[in-house]
Amino acid sequence: WNTTCLGYEGYAVLPYCQALVRFVAHIQQLDMESNGKRVKMDGSACPTTTGAIYFGEPGTNGQHSFYQLMHQGRVIPADFIGFKTSQNPVALAGEPVSNHDELMSNFFAQPDALALGKTEAECRAEGIPEKLVQHKVFTGDRPSLSLLLPVCNPHYVGMLLALYEHRTAVQGWVWGINSFDQWGVELGKVLGVKVRKYLSAARGGSGDASAFCSPTQKLLSTMLTTPMSPGHTLSGGSTIMLIRAREIFDSRGNPTVEVDLCTESALFRAAVPSGASTGIYEALELRDGDKGRLLGKGVLKAVENVNRVIAPKLVGMDVRQQAAIDTLMVEMLDGSKNEWGWSKAKLGANAILAVSMAVCRAGACASEMPLYQYIAKIAGRPTDRFVMPVPSFNVINGGTHAGNRLACQEFMILPTGATSFKDAMIIGAEVYHTLKSCIKKKYGQDACNVGDEGGFAPNVQDNNEAMDVLMDAIKKSGHEGKVKIGTDVAASEFWKADIGKYDLDFKNAAGSSPAMQKTPDQMIDYYKDWFAKYPFVSIEDPFDQDDWEAYSRFQSAVGNDMQIVGDDLLVTNPTRVKKALDCKACNALLLKVNQIGSLTEAIQAATMSMNAGWGVMVSHRSGETEDSFIADLVVGLRTGQIKTGAPCRSERLAKYNQLLRIEEELGSLCSYAGTNFRNP
């Protein structure tokens, strides 16, 4: 009657019983699926709109939305379903009625309100202001049906279902339609199969969406790439739902790998860096080798390895299982080894690490912790108090990073006398800008151009000249007592194996003089002269990556007072760290996560070093991205020192600025490493 004769296209079904919370949804399916038809059984058009729209939920839950609509908006027939007896009766002392009677008061009142309405005269009689009268008038004469049953149990719920099923069946007979076919859903099913086939192919890195309409193509692309924005981190999701890699570009314009990892509630992104001066024992960074594309440096193979090999095996795993996931990728999915351990030669360290970092970010969110605190947790470090690192700013570039004749790759300043990390940043920035003025005055404007890591590359002729310029800038900045010096020699770059010497003038196109070619013992004396003249606290890679004997002699001679950092020597590899410990080759590790290719192995190398009393300096690479992961890593591991370039270039400042945020967030829960940076 309501549908066929009165033309109402919907029903509000309001059961006053929480046990029937899914009842209306069932009636929706029953009636709309059965009687949602366009034509009668003979194929002629049905003269009446068929298939009413059902909506509703237990009475008090939907009271405000449903009753506001039905009293003041469109006319919608309502079915009220009540029960004489509650399934869970409660009668509180002092209350005039029980909880069930309170609920059922609305069951009786609302049908009357719908039927009787409220007139203008009644509103005025109540003293309602004239300007509000029309807002409170209700026309009434609105249809409803009240069903009062003894109790909500299987028997009476069965009666209810029979009533609604009978209504649906009678409607179908009256309208002369086929209530039993499902032809109306066939088109959606057919298209669903096509979408399913496309998604299956697209998850594997292929798939053609051109057959779909333009809006659908855009939606499919969005689903497969960024279903949520990075940083949209609702807590609680811990299951890997999607992993997707892509080729992006680093700060030197070279391709690198970026990974998006999605859980049930958020997207997490990680990008890996790459080095220019790389040790021969680093885990394999997989490049395409196609000289016709990006000079052979493309990473599409690594991207494909993430999308087709790693992702299918990780979907469904818990992101909080960092070690298990890293082990699966490194040992099971890749499985390649050399004399120093897992080499990642099959899938690529760049592929594995990008996933490893994204997993860590997701694990932190799932654990409802900041990233640095979560890293501390999985590394077994303190999670209640933290140490902010001393920044080691690379301010003068040489070696393979610059076009001058400097043999040493980096000259760094360390504000060990600062009072906080923010104070260290201020000191570093002031020395950096003062150095720029000194270089401009002495070498000209062109000398102020910056290198890959933001440091200056003036046309100085030797290492001592570079340090003299640096010391002049430190003094003029007013921070002489607060700033120490460090260097990354990167001696493997100028080791001449054929003559057994180090060539300090290896970039001289005319060739170096014999005086600039030094034996390992001569290099030890050369470094000692530096330490006597300049305020050095750290020296990195002073010898070739295979010159273990020179390292051991150097460590014995100066190791008590000087930090000797192994980079190319150790390549963040636990096996090489162990060898260095056995032969006492150095006393500090340069921690570069992409040298080893997984976070778990990097933490292992750091832990091994710190347990031996070594220092650990967390480091960037010359080819960086805007990813700030290592800022949280250095705080979480509590290593006390980080080098990530000059206070210049956004990919370097991304890390330093994240450390500023962390220090601000921690407040009194952190301290600055300062002069204790080697063992904070």
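Once that is clear, we can look at the pattern of salt bridges. Within the structure shown, the criterion is met by 26 salt bridges. Residue Lys-118 pairs with Glu-126 through a salt bridge whose shortest N-O separation is 2.9 Å. Accessibility expressed as a relative area gives 25% for Lys-118, which makes it partly exposed. Exposure remark for Glu-126: the relative accessible area of 52% places this residue in the exposed category. As a salt-bridge pair, Arg-124 and Glu-120 come within 3.3 Å of each other at their nearest N and O atoms. Residue Arg-124 and its partner Glu-120 are both found in helix α4 (residues 120-125); the two are separated by four residues, about one turn of the helix. Taking the relative accessible area as the measure of exposure, Glu-120 reaches 34% and is therefore partly exposed. Residues joined by salt bridges that share partners form a network here, namely Arg-246, Glu-258, Asp-260 and Arg-269.

A few words on the packing of aromatic side chains. Pairs of aromatic rings are described using the distance from one ring centre to the other and the angle between the two planes. Scanning all chains against the criterion turns up 24 aromatic pairs. With a centroid separation of 5.5 Å and 75° between ring planes, the pair formed by Phe-23 and Tyr-164 is classed as edge-to-face. Here the residue Phe-23 occupies a position in helix α1 (residues 23-35), and Tyr-164 occupies one in helix α6 (residues 154-175), the gap between them amounting to 141 residues. Residue Phe-23 shares its accessibility class with Tyr-164, and that shared class is buried. On the numbers, 5.9 Å between centres and 75° between planes, the contact of Tyr-281 with Trp-340 is edge-to-face. Taken together, the residues Tyr-281 in the loop between β7 (267-271) and α9 (300-314) and Trp-340 in the loop between β8 (337-338) and β9 (341-342) connect sequence positions 59 residues apart. Owing to a relative accessible area of 14%, Trp-340 belongs among the buried residues under this scheme. Cation over ring: Lys-337 sits above Trp-342, and NZ or CZ is 4.5 Å from the ring centre. Above the plane of the ring of Trp-340 lies Arg-576, whose end atom (NZ or CZ) is 4.5 Å from the centre.

Within the largest apolar cluster, 140 residues are counted, with the highest numbers of intra-cluster contacts made by Tyr-527 and Trp-530. For this core, the element with the highest residue contribution is helix α11 (residues 349-366), accounting for 13 residues. Ignoring anything within four residues of it in the chain, the contact list for Tyr-527 reads Val-489, Ile-539, Pro-542, Phe-543 and Phe-554. Judged by nonpolar contacts, the second largest core, of 18 residues, contains Tyr-54, Leu-147, Cys-152 and Val-157.

Here Cys-408 lies in the loop between β12 (393-397) and β13 (410-414). In this structure, the C-alpha to C-alpha distance between Cys-408 and Gln-563, residues 155 residues apart in sequence, is 17 Å. Look past the residues within four positions of Cys-408 in its chain and what remains in contact with it is Gly-398, Gly-399, Asn-463, Thr-487, Asp-488, Val-489 and Trp-530.

Two numbers describe how helix α10 (residues 322-334) lies on helix α19 (residues 599-611): the axes approach to 8 Å, and their chain directions differ by 110°. One way to sum up the angle between α10 and α19 is to call them roughly perpendicular. Residues Gln-322, Ala-323, Asp-326 and Val-330 of α10 pack against Leu-599, Thr-600 and Glu-601 of α19. Grouping the amino acids of the contact of α10 with α19 by side-chain chemistry returns three nonpolar, two polar and two charged.

With that settled, consider empty space enclosed by the protein. Applying the stated criterion across every chain, the model contains five cavities of 30 Å³ or more. Roughly 100 Å³ of internal volume is contained in the largest cavity. Contributing to the lining of the largest cavity are 15 residues, with Pro-273, Met-357, Val-593, Glu-624 and Ile-630 lying nearest its centre. Of all elements in the fold, only α18 (593-596) and α20 (629-637) reach the threshold of two or more residues within the lining of the largest cavity. For the lining of the largest cavity, the class distribution of residues is six nonpolar, four polar and five charged.

What counts and what doesn't
- Residues numbered from 1 in each chain as written.
- Predicted model: local features only at pLDDT ≥ 70, side-chain atom pairs only at ≥ 80, totals over all residues.
- Heavy atoms only, no water.
- Salt bridge = Lys/Arg side-chain N within 4 Å of Asp/Glu carboxyl O.
- Buried < 20%, exposed > 50% of the residue type's maximum accessible area, 1.4 Å probe, protein only.
- Helix = DSSP H or I, 4+ residues; strand = E, 2+ residues; numbered from the N terminus.
- Phe/Tyr/Trp six-rings, centres within 6.5 Å; stacked < 30°, edge-to-face > 60°.
- Lys NZ or Arg CZ within 6 Å of the ring centre and 35° of its normal.
- Core = buried A, V, L, I, M, F, W, Y, C linked by side-chain atoms within 4.5 Å.
- Contact = heavy atoms within 4.5 Å.
- Axes fitted to C-alpha atoms, helices over the stretch in contact; angles between N-to-C directions.
- Parallel < 35°, antiparallel > 145°, perpendicular 65-115°, else oblique.
- Nonpolar A, V, L, I, M, F, W, Y, C, P; charged D, E, K, R; others polar.
- 1 Å grid on protein atoms, 1.4 Å probe; cavity = no way out; pocket = protein on both sides within 12 Å on 5 of 7 lines; lining within 4 Å.
- Points joined across faces, edges and corners; volume = space filled by probe spheres on them.

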